Amino acid sequence: MDTNTIVAIVVQVIAGVIGGQAVGVALKQAAMGQLTKILGGAIGGVGGAAILGSLLGADPAAAAGAAGSAIDLKNILGGAGGGAILTGIIGAVMGAMKK
């Protein structure tokens, strides 16, 4: 693994955790713990960025290995969106299980 890939994954995880925390605040009735929001956000962040990246296609700058290509909109938006979506799904499932 090169450093560009590691930076991209770190950006995806951080964006996913932020997205997961935002949804966790919005879904207070689900009463999720911090660990659930962090793990859901991190996993969803990496998955969401991978899905968005595959839908949008390969970036020529990323293929060239530019240092700034790891911190692009695909990683940030895909990470935040994926983290928010997965955390929302987990919250909905946990909320339904408590009823």
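This structure is a prediction, so every number in the text was calculated from the model and none was measured.

## Topic: the packing of helix H1 (residues 3–26) against helix H4 (residues 73–97)
Next, step 1: The N-to-C vectors of H1 and H4 enclose an angle of 40°; their axes lie 6 Å apart at closest approach. With respect to H4, the element H1 is oriented oblique. For the pair H1 and H4, the sense of crossing is right-handed. Residues Ala8, Val11, Gln12, Ala15, Gly16, Gly19, Gly20, Val23 and Gly24 of H1 form the contact with H4, whose participating residues are Asn75, Ile76, Gly79, Ala80, Gly83, Ala84, Thr87 and Gly88.
Next, step 2: A per-class count over the contact of H1 with H4 returns seven nonpolar, ten polar and no charged.

## Some words on H4
Residue pairs three or four apart in sequence face the same way in an α-helix, which turns once every 3.6 residues.
Next, step 1: Taking 1.5 Å of rise per residue, 25 residues should cover 36 Å, and H4 covers 35 Å from first to last C-alpha, within 8% of that figure.
Next, step 2: All of the buried residues in H4 are Lys74, Asn75, Gly78, Gly79, Gly82, Gly83, Thr87, Gly88, Gly91 and Gly95.
Next, step 3: Where H4 is buried, its residues contact H1 and helix H2 (34–56).

## So, the environment of Ile51
Next, step 1: Residue position: Ile51 is located in helix H2.
Next, step 2: Assessed through its relative accessible area of 53%, Ile51 is described here as exposed.
Next, step 3: Taking C-alpha positions, Ile51 is 7.6 Å from Gly78, a pair spaced 27 residues apart along the chain.

Criteria and thresholds
Residues numbered from 1 in each chain as written. Predicted model: local features only at pLDDT ≥ 70, side-chain atom pairs only at ≥ 80, totals over all residues. Heavy atoms only, no water. Axes fitted to C-alpha atoms, helices over the stretch in contact; angles between N-to-C directions. Helix = DSSP H or I, 4+ residues; strand = E, 2+ residues; numbered from the N terminus. Parallel < 35°, antiparallel > 145°, perpendicular 65-115°, else oblique. Left-handed = near helix turned anticlockwise from the far one by under 90°. Contact = heavy atoms within 4.5 Å. Nonpolar A, V, L, I, M, F, W, Y, C, P; charged D, E, K, R; others polar. Expected span 1.5 Å × (residues − 1). Buried < 20%, exposed > 50% of the residue type's maximum accessible area, 1.4 Å probe, protein only.

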